[in-house]
Amino acid sequence: MDLTFSEKETAFRDELRGWLSENPPPPEPTEGDEDANYAWRRDWQRTLYDAGWAAPGWPAEYGGRGASLTESAIYFEEIGRARVPLPANVLGLLLGGPTLMVWGSDEQKDRFLPPILSAEEIWCQGFSEPDAGSDLAALKTRAVKDGDGWVVTGQKVWTSGAQHSKWCMLVARTDGDVAKHKGLTYFLMDMEQEGKVQVRPLRQITGESEFNELFIEGARIPDDHVVGGVGNGWKVALTTLMNERAGLGFALQVRLRHLLDDLFEAAAARGLLDDPLVADKLADLHVRTEQIRLLAWKGLTDIERYGQPGPEGSLVKWLWSDTNQRLTQAAADIVGPEALTGGTRWSYELLRARGNSIEGGTTEVLKNIVAERVLGLPRLKAAA
Ligand SMILES: Cc1cc2nc3c(=O)[nH]c(=O)nc-3n(C[C@H](O)[C@H](O)[C@H](O)COP(=O)(O)OP(=O)(O)OC[C@H]3O[C@@H](n4cnc5c(N)ncnc54)[C@H](O)[C@@H]3O)c2cc1C
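What counts, and at which threshold
Residues numbered from 1 in each chain as written. Predicted model: local features only at pLDDT ≥ 70, side-chain atom pairs only at ≥ 80, totals over all residues. Heavy atoms only, no water. Near = heavy atom within 4 Å. Polar contact = N/O pair within 3.5 Å; in protein donor to acceptor, adjacent residues only side chain to side chain. Areas by Shrake-Rupley, 256 points an atom, 1.4 Å probe, with all protein chains shown as cover. Helix = DSSP H or I, 4+ residues; strand = E, 2+ residues; numbered from the N terminus. Nonpolar A, V, L, I, M, F, W, Y, C, P; charged D, E, K, R; others polar. Domains from an automatic or database assignment. Contact = heavy atoms within 4.5 Å. Buried area = accessible area lost by both parts, 1.4 Å probe. Salt bridge = Lys/Arg side-chain N within 4 Å of Asp/Glu carboxyl O.

J.: I keep staring at the site of the ligand and nothing clicks. Help me out?
T.: Around the ligand, the surrounding shell holds 17 residues, and the nearest of these are Gln-125, Ser-134, Trp-158, Thr-362 and Glu-364. Contact between the ligand and Glu-364: an oxygen atom at 2.6 Å from a side-chain N or O atom of the residue. Isolated, the ligand exposes 980 Å² of accessible area, and the fraction of that covered by the protein chains is 66%. Ranked by residues supplied to the shell around the ligand, first place goes to helix H10 (residues 363-374) with 3 residues. Taken together, the residues of the shell around the ligand break down into 5 nonpolar, 9 polar and 3 charged. The residue makeup of the shell around the ligand includes at least three contributed by each of domain 2 (123-234) and domain 3 (245-374).

Encoded structure:
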């Protein structure tokens, strides 16, 4: 990939940069109130939406700008550079929308895409279950045919943002008599079903409740909320996961750069840049961060080639989580006790980073994907 921007790409960057500097979001609420923070991110998405900047990479017919892949990458770099928050409906914008564009019917695209963009309807991802995470195809939540729809019963867990969501990308078992990957179907489940869909927040090590348990007791889903056909859920879910690793990976590598810049500043403020051990650590982090940035850009070439993200996104996600954990640990060494005192910025980053190597696919599983599907190494068969 040629990383020199064309005139059109430079104009796109300048327009966005200008808009961001003239329209900064209001300051982040500081009281630790999660609902206030969520409302702040939702309002910010609406501001982006009103100006046509919520998802410029989406086709114009769905409210985007039909931006090229390079322009979309510029978009993430610029919103990262301006240090504005990720929009509230990040899972709808980066996972749900792109999945619908590949697998959804025209009616589904018309119905669901506009409110994702405007943050009127927030989406969550109901994949993981207590006994099905890495081995997603082992999931037990069942959907049983009933008239012109389905009745769903089961439990999901770690469902990020479910407490704010109107729609859930839900994968459920619709056929128990076929191979486990074949008996799955991908649904859009309405979360507003009193007594039938219950959301219970789980508190994380950071003190916040980003994710939830989801208890589903006889929830109804109409036939026209099946995405990609009955029994085709595994393939549709893979589209969502590939977008998660590639799309989110790109946004996160930009954030990594800024965190590292801040760590350089923190080290400089403490007169530690001349300490050879600190300098060595920072140089190592710089090289890793730059490597991830270039790999994320290279991933765009694969999307250009295959039309959608490929398994290479797993490499970026793995390296990002590893580097973010190293960075926040280095910050604890450099900043000292402040990084271990609850409620400080660096302590939050240190604690939040622990989940990075689990969320969106664990590092071990991503290594398997890279080994088998990128490098073409033989599959390891479980011992009989
Ligand atoms: C912050 C956060 C947010 C999340 N948000 C969501 C969400 O919105 N929606 C959602 O559906 N899920 C979400 N998850 C869940 C996440 O996708 C799962 O935690 C993840 O897929 C791992 O599944 P598990 O927790 O069941 O662990 P397991 O799959 O039980 O894994 C346990 C351990 O075994 C290892 N392991 C498992 N299989 C293999 C293998 N084949 N080879 C080598 N090692 C293996 C794993 O690497 C891990 O170390 C979130 C998780 C976190 C931490």
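J.: What's the story with the domain arrangement of the protein chain in this structure? I'm lost.
T.: In many reports, interface size means the accessible area that the parts give up when they come together. What the domain assignment reports for the protein chain is domain 1 (7-88), domain 2 (123-234) and domain 3 (245-374). Inter-centroid distance (C-alpha atoms) of domain 1 to domain 3 is 22 Å. Across the contact, 10 residues belong to domain 1 and 12 residues belong to domain 3. For the domain 1 and domain 3 pair, buried surface summed over both sides reaches about 980 Å², with 71% attributable to carbon and sulfur atoms. When the area that domain 1 buries against domain 3 is broken down by residue, the three leading residues are Leu-69, Glu-77 and Arg-83, summing to 53%. Summed over the shared surface of domain 1 and domain 3, the number is 1 salt bridge.

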